[in-house]
Amino acid sequence: MTGWSNTWTDYSYQICVASVVVTSLCAAQYIWRNVRMSDLEATLTTLNNSINNTITDYTPVFGGVEEKSQLLDGVEIQIMGRSYVLPDDKAMFERDIESFLWFSYRRNFRAIGGTTYTSDRGWGCMLRCIQMLYSHTLIRHNFSRDWRWTKCGVYNGILRDFLDDPNGLYSIQQIAKAGCSAGKDVGTWFGPNTAAQSIRILTEFHKELNLTVQVVMDNFLCIEDIKFFAKEDDITWTPLLLIIPLRLGLSECNNIYIDNIKHCFKIEQSVGAVGGRPNSAFYFIGYQNDKLLYLDPHVTQESLSPDEIDLDNIPDDTYHTKKVDLLAWDQLDPSIAVAFYCKTEHSFDNLCQQFQETITAGSGSLFEMVAKRPAYMTPPRRTPVDKLLENYSAEYDEVNTEDAASDSDGFEIISNS
């Protein structure tokens with residue numbers, strides 16, 4: 001029965017697409033005969049958007065879909081340095097979950113740059129995940145780990161910066177634009193490293209945040225270099241978001257890394273991880289047993305237009321959820337980036353001490369860490385903001401809007417999830 005149901009669903013989807021194509025051809029014939037040539041380009045653009053929205057908004061229902069794992073009662077749950085056991089801690093657990101900002105696919109937002117993309121469905125899940133990670137970092141930066149969802153001016157300002165608005169500091173439009181500087185065209189899949197680099201670039205443009213983002217490359221963390229960037233005047237510490245992209249295997253995760261990945265979520269400084277499974281990106285926030293807890297961006301919602309809402313009191317119900325899912329270790333894609341927020345230098349020193357005692361020790365070491373830069377390594381340099389801005393603008397002006405099929409970080413692009 002399941003096989004028949006899946007086959008019928010496949011046929012239904014093909015029929016849906018075929019109907020759209022036939023309708024489009026008829027419309028094109030009508031346009032050719034009746035529309036003035038001066039209006040043809042604008043009309044075809046509108047038609048193209050209509051076709052894209054029809055296809056990408058089609059959500060097939062499959063028979064026999066594997067049910068997602070459920071949280072277990074009586075088994076400890078770890079979420080970024082906090083421990084819960086259900087059902088006793090259910091209220092506190094749900095309150096913690098719903099206090100994260102949840103970003104998912106949106107449709108009908110203003111087109112990204114010179115493209116026709118008005119929805120990120122099918123390609124933007126990693127961008128939404130890095131939005132979730134970074135927004136939580138900003139909440140920790142302005143409040144604390146134990147802040148709970150309460151509407152106030154500072155919180156409202158954070159959310160405003162992530163709305164689907166070309167002027168939003170960390171909007172889907174801005175992250176996609178930053179991705180162009182990192183070599184990714186709009187509409188193509190971002191892996192964890194590309195997403196991290198995009199946020200690093202955007203943060204450099206907003207020094208008023210008093211926050212620095214550093215992305216560790218090649219599984220090699222040099223404490224001296226991180227402090228070089230976090231103390232620009234060599235005295236004052238700038239709060240730090242440290243993102244460490246990892247590769248945990250070739251095509252699948254090696255079991256040797258399980259305990260150290262889990263330990264990352266026990267650390268107080270943790271702000272989660274971005275990764276997923278082939279074809280899907282998730283924002284990981286904790287674990288239970290050998291399964292990772294995540295917030296899922298694969299829900300398409302209507303975009304909020306900044307022109308139609310009160311920006312001082314943003315309706316935010318669709319930016320929070322109590323729903324959390326579980327991913328088994330053997331389903332995890334080996335490309336993942338773990339992240340940590342250190343408000344003070346003491347916090348960073350403490351983090352490095354925990355790294356040394358756990359996740360960089362033994363056969364399951366996630367990366368190499370050294371206190372001083374080896375003599376053979378080139379000293380780090382700070383890139384002037386005007387140079388970053390020059391590259392940022394130039395790359396975006398030459399954007400290619402054709403979809404790509406894969407990403408060097410190891411993920412594959414998805415078409416209708």
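Residues numbered from 1 in each chain as written. Predicted model: local features only at pLDDT ≥ 70, side-chain atom pairs only at ≥ 80, totals over all residues. Heavy atoms only, no water.

1. Thoughts on the overall build of the chain
Then comes step 1: Of regular secondary structure, the chain possesses eleven helices and 13 strands.
Then comes step 2: Taking contacts inside the chain between residues at least 6 apart in sequence as the whole, the part at least 24 apart equals 75%.
Then comes step 3: Counting every atom, the chain has about 19600 Å² of accessible surface; 50% of that belongs to carbon and sulfur. (Helix = DSSP H or I, 4+ residues; strand = E, 2+ residues; numbered from the N terminus. Contact = heavy atoms within 4.5 Å. Areas by Shrake-Rupley, 256 points an atom, 1.4 Å probe, with all protein chains shown as cover.)

2. Some points on the packing of helix 4 (residues 125–142) against helix 6 (residues 172–181)
Then comes step 1: Interhelical geometry of helix 4 versus helix 6 gives an angle of 110° and a closest axis separation of 10 Å. Classified by the angle their axes make, helix 4 and helix 6 are roughly perpendicular. Our pair here, helix 4 against helix 6, has a crossing hand that is right-handed. From helix 4, L127, R128, I130 and Q131 reach across to helix 6, where they touch I172, I175 and A176.
Then comes step 2: Classifying every residue of the contact of helix 4 with helix 6 by side-chain character gives five nonpolar, one polar and one charged. (Axes fitted to C-alpha atoms, helices over the stretch in contact; angles between N-to-C directions. Parallel < 35°, antiparallel > 145°, perpendicular 65-115°, else oblique. Left-handed = near helix turned anticlockwise from the far one by under 90°. Nonpolar A, V, L, I, M, F, W, Y, C, P; charged D, E, K, R; others polar.)

3. Looking at empty space enclosed by the protein
Then comes step 1: Applying the stated criterion to the full structure yields one cavity of 30 Å³ or more.
Then comes step 2: Every residue along the wall of the largest cavity is listed here: D96, S99, F100, H136, I139, S144, R145, W147 and R148.
Then comes step 3: Of the residues contributing to the lining of the largest cavity, the split by class is three nonpolar, three polar and three charged. (1 Å grid on protein atoms, 1.4 Å probe; cavity = no way out; pocket = protein on both sides within 12 Å on 5 of 7 lines; lining within 4 Å. Points joined across faces, edges and corners; volume = space filled by probe spheres on them.)

4. Digging into the environment of Y294
Then comes step 1: Take Y294: it is sitting in strand 9 (residues 291–295).
Then comes step 2: On the basis of relative accessibility, which here comes to 1%, the residue Y294 falls in the buried class.
Then comes step 3: Along the primary structure Y294 and C129 are separated by 165 residues, whereas in three dimensions their C-alpha atoms are 9.9 Å apart. (Buried < 20%, exposed > 50% of the residue type's maximum accessible area, 1.4 Å probe, protein only.)

5. Structural notes on the confidence of the model for the chain
Then comes step 1: With 75% of its residues at a pLDDT of 70 or more, the chain shows a mean pLDDT of 82.
Then comes step 2: Across residues 1–13, confidence stays below pLDDT 50; counting only partners more than four residues off in sequence or on other chains, it has 14 contacts.
Then comes step 3: Overall, residues 30–67 carries pLDDT values under 50, and its contacts beyond four positions in sequence, including any with other chains, amount to 41 contacts. (pLDDT = per-residue confidence, 0-100.)

6. Some points on the environment of Y134
Then comes step 1: Following the sequence through the fold, Y134 ends up in helix 4.
Then comes step 2: On a C-alpha basis, the gap between Y134 and A339 in space is 9.5 Å, while along the polypeptide they are 205 residues apart.
Then comes step 3: When neighbours within four sequence positions are excluded, Y134 is seen to be in contact with F162, Y170, I199, T203, L209, L211, V213 and L241.

7. As for the pairing of strand 7 (residues 270–277)
Then comes step 1: In terms of residue burial, strand 7 counts as a mostly covered element, since seven of its eight residues are buried.
Then comes step 2: Note that strand 7 and strand 12 (residues 335–342) share three bridges and pair antiparallel. Each bridged residue has a counterpart across the sheet, and for A273 the counterpart in strand 12 is V338.
Then comes step 3: In this sheet, strand 8 (residues 280–288) lies alongside strand 7 in antiparallel orientation, the contact comprising five bridges. Residue R277 lies in a different strand from strand 8, and its bridge partner there is S280. (Pairing = 2+ DSSP bridges.)

8. Overview of the pairing of strand 6 (residues 240–247)
Then comes step 1: Burial of strand 6 is extensive: seven of the eight residues sit out of reach of the surface.
Then comes step 2: In this sheet, strand 6 lies alongside strand 4 (residues 212–215) in parallel orientation, the contact comprising four bridges. Each residue of the ladder has a partner; that of V215, found in strand 6, is I243.
Then comes step 3: Pairing geometry for strand 6 and strand 12, over eight bridges, is antiparallel. Note that in strand 12 the partner of L240 across the bridge is C342.

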